[in-house]
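Chain residues, written in single-letter form:
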Amino acid sequence: MTDILNFNLLLTKTKRIQTKGGVQAKVKSKILCFQYCSDESEHKDPDDCQKWRDTTLMKQCKNEQGEIVKCGFLFSETGLSDTWTGLILMVLSLLMLCLCLAGLVKTLQSILLGPVAGALKKHINSDLPYPFKWLTGYVFMAIGVVFTFLLQSSSVFTSTLTPLVGLGVISIDRMYPLTLGSNIGTTTTAMLAALASSSDARTTTIQIAVCHLLFNIFGIILFYPIPFMRKIPIAGAKMLGNTTAKYRWFAAVYLLIVFLFLPTLLLGLSLLSSVVFYIFLGLVLLIFLSVVSLNLLQKYQKHRLPLKFQTWNFLPEFLRSLKPYDRLITSCCARCTCCKCGAKPVEDVSVSYGHK
């Protein structure tokens, strides 16, 4: 497939796509500039090029006398290394992202009140008329693809819709196909970047982009067309939402464990030994299957189980409940006079999913 795409591009004499960044490119040039070591640059000697790469990636401007002068961007005269410059920009970008998302949520909450919310809820959550009712999810999936392609960002699309779910305007069952379509739409960014790459690297970049596309397509085939499989991610989302509503600290802990601790642990075990890695995965799979099996037996065949295993009370509290961790975090926060956190009472928390 990639060979065919690359061959067609060569036949049409497609050149590398040069896009104009507009305001974004102008702002970026005022913050940080990079100087690429290529045949057109002043570092034509391979040894000189490698020496320059080991020094810095930031652009260095020189006058006619060969002296380094100010280039005109923010970090040109700070004297900071590439590492510290990257860390500062990463923190600033994450801070700006959080502020923009918070402003987006507040704006949507103020706009979608009263009759506007009712009208959106009525039309978005409604199904297509019979006999096309089964196509409703796929239509919204296509809408997610189109809007994500136009925005060129699945994060913006899903972040815009997430507060609408919290407000009860969109149900989780409707949000699910929109998110799946967004995952397909975001692959177009990688495909466009692959088509814009140089001819010698275009085959490899197209292969990576196609892998990204096929990964999302096969995930949708696995978790959407079969009605039973749709319930798994939806039930998981509801469970995580209810848990976060009860214990506010759970969201931060979940992100740290799933996106930081577990990948680091698995990477370390894989580098340590493949045997240790597979033993660990086997133990995790065994525990998971045991928990699922016992839950199913407790739900459907409870009378056949021994009295001890009819509930999870035989385990210590810290293995079957988040209450011990909540008490610990609440007590730690209570000692800080400038910090108020902890869990809200269950009675004071109400989470709306757009349907009952």
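It should be noted that the structure appears before, not after, this text.
Cut-offs used in this document
Sequence order as written defines residue numbering, which begins from 1 separately in each chain. Side-chain atom pairs in this predicted model are given and counted only at pLDDT of 80 or more, local residue features only at pLDDT of at least 70, and totals for whole chains, interfaces and linings cover all residues. Hydrogens and water molecules were not included; the side-chain quantities draw on all heavy atoms of the structure. Every case where a carboxyl oxygen of Asp or Glu lies within 4 Å of a side-chain nitrogen of Lys or Arg is listed as a salt bridge. Numbering of helices and strands runs from the N terminus; a helix is a DSSP stretch of H or I covering at least four residues, while a strand is a stretch of E covering at least two. Classification of residues uses two cut-offs on accessible area relative to the type maximum, computed with a 1.4 Å probe and protein chains only: under 20% is buried, over 50% is exposed, and between them is partly exposed. Only buried residues count toward a nonpolar core, which is a set of Ala, Val, Leu, Ile, Met, Phe, Trp, Tyr and Cys residues joined through side-chain atoms within 4.5 Å. Expected helix span is computed as 1.5 Å times (number of residues minus one). By definition in these notes, contact holds between two residues if any of their heavy atoms fall within 4.5 Å. Stacked, edge-to-face and tilted are the three classes for Phe, Tyr and Trp ring pairs, Trp counted by its six-membered ring, which pair at centre distances within 6.5 Å; planes under 30 degrees apart are stacked, over 60 edge-to-face, the rest tilted. Here, a charge over a ring is recorded when the distance from Lys NZ or Arg CZ to the ring centre is within 6 Å and its angle to the ring normal is within 35 degrees.

Asks: Explain the pattern of salt bridges to me, and be specific about the residues and the numbers.
Replies: The final tally for this structure, using the stated rule, is 2 salt bridges. Between Asp127 and Arg174 there is a salt bridge, and its shortest N-O distance comes to 2.8 Å. Within this pair, whereas Asp127 is found in the loop between helix 5 (115–124) and helix 6 (136–151), its partner Arg174 is found in helix 8 (residues 172–185), the two being separated by 47 residues in sequence. Judged by its relative accessible area of 7%, Arg174 falls in the buried class. A salt bridge links Glu317 to Arg327, with the shortest nitrogen-to-oxygen separation between them at 3.3 Å. Placement of the pair is Glu317 in helix 14 (residues 317–320) and Arg327 in helix 15 (residues 323–334), with a sequence separation of 10 residues. Here Arg327 falls in the partly exposed class, since its relative accessible area comes to 47%.

Asks: Outline the nonpolar core, listing residues and values.
Replies: Leu161, Leu164, Ile170, Leu180, Ile220 and Tyr224 are the most contacted members of the largest nonpolar core, which has 21 residues in total. Put simply, the parts of the chain that give this core at least two residues each are helix 5, helix 6, helix 7 (154–166) and helix 8. Broken down by element, this core gets its largest block of residues, 6 residues, from helix 8. Judged by nonpolar contacts, the second largest core, of 5 residues, contains Ala194, Ile206, Ala209 and Val210.

Asks: I'd like a description of helix 11 (residues 227–246), backed by residues and values.
Replies: Under the 1.5 Å per step criterion, the end-to-end length of helix 11 is 29 Å for 20 residues, consistent within 8% with the ideal 28 Å. Buried residues of helix 11: Met229, Ile234, Thr243 and Ala245, and no others. Buried residues along helix 11 sit in contact with helix 8, helix 10 (202–223) and helix 12 (250–272).

Asks: Give me the lowdown on the packing of aromatic side chains, citing residues and values where you can.
Replies: Inspection of the entire model under this criterion finds 9 aromatic pairs. Between Phe147 and Phe157, the aromatic rings sit 6.3 Å apart at their centres with planes inclined by 25 degrees, giving stacked as the arrangement. In this pair, Phe147 is assigned in helix 6 and Phe157 in helix 7, connecting sequence segments 10 residues apart. Both rings, one in Trp312 and one in Phe314, keep their centres 5.8 Å apart while their planes meet at 25 degrees; by these two values the pair is stacked. Joined through ring pairs, the aromatic side chains of Trp134, Tyr138, Tyr176 and Tyr224 make up one cluster. We note Arg174 situated over the ring of Phe140; from NZ or CZ to the ring centre the distance is 4.6 Å. Sitting above the plane of the Tyr224 ring, Arg230 keeps its charged end 4.1 Å from the centroid.

As far as function goes, none of this settles anything; it's purely spatial.
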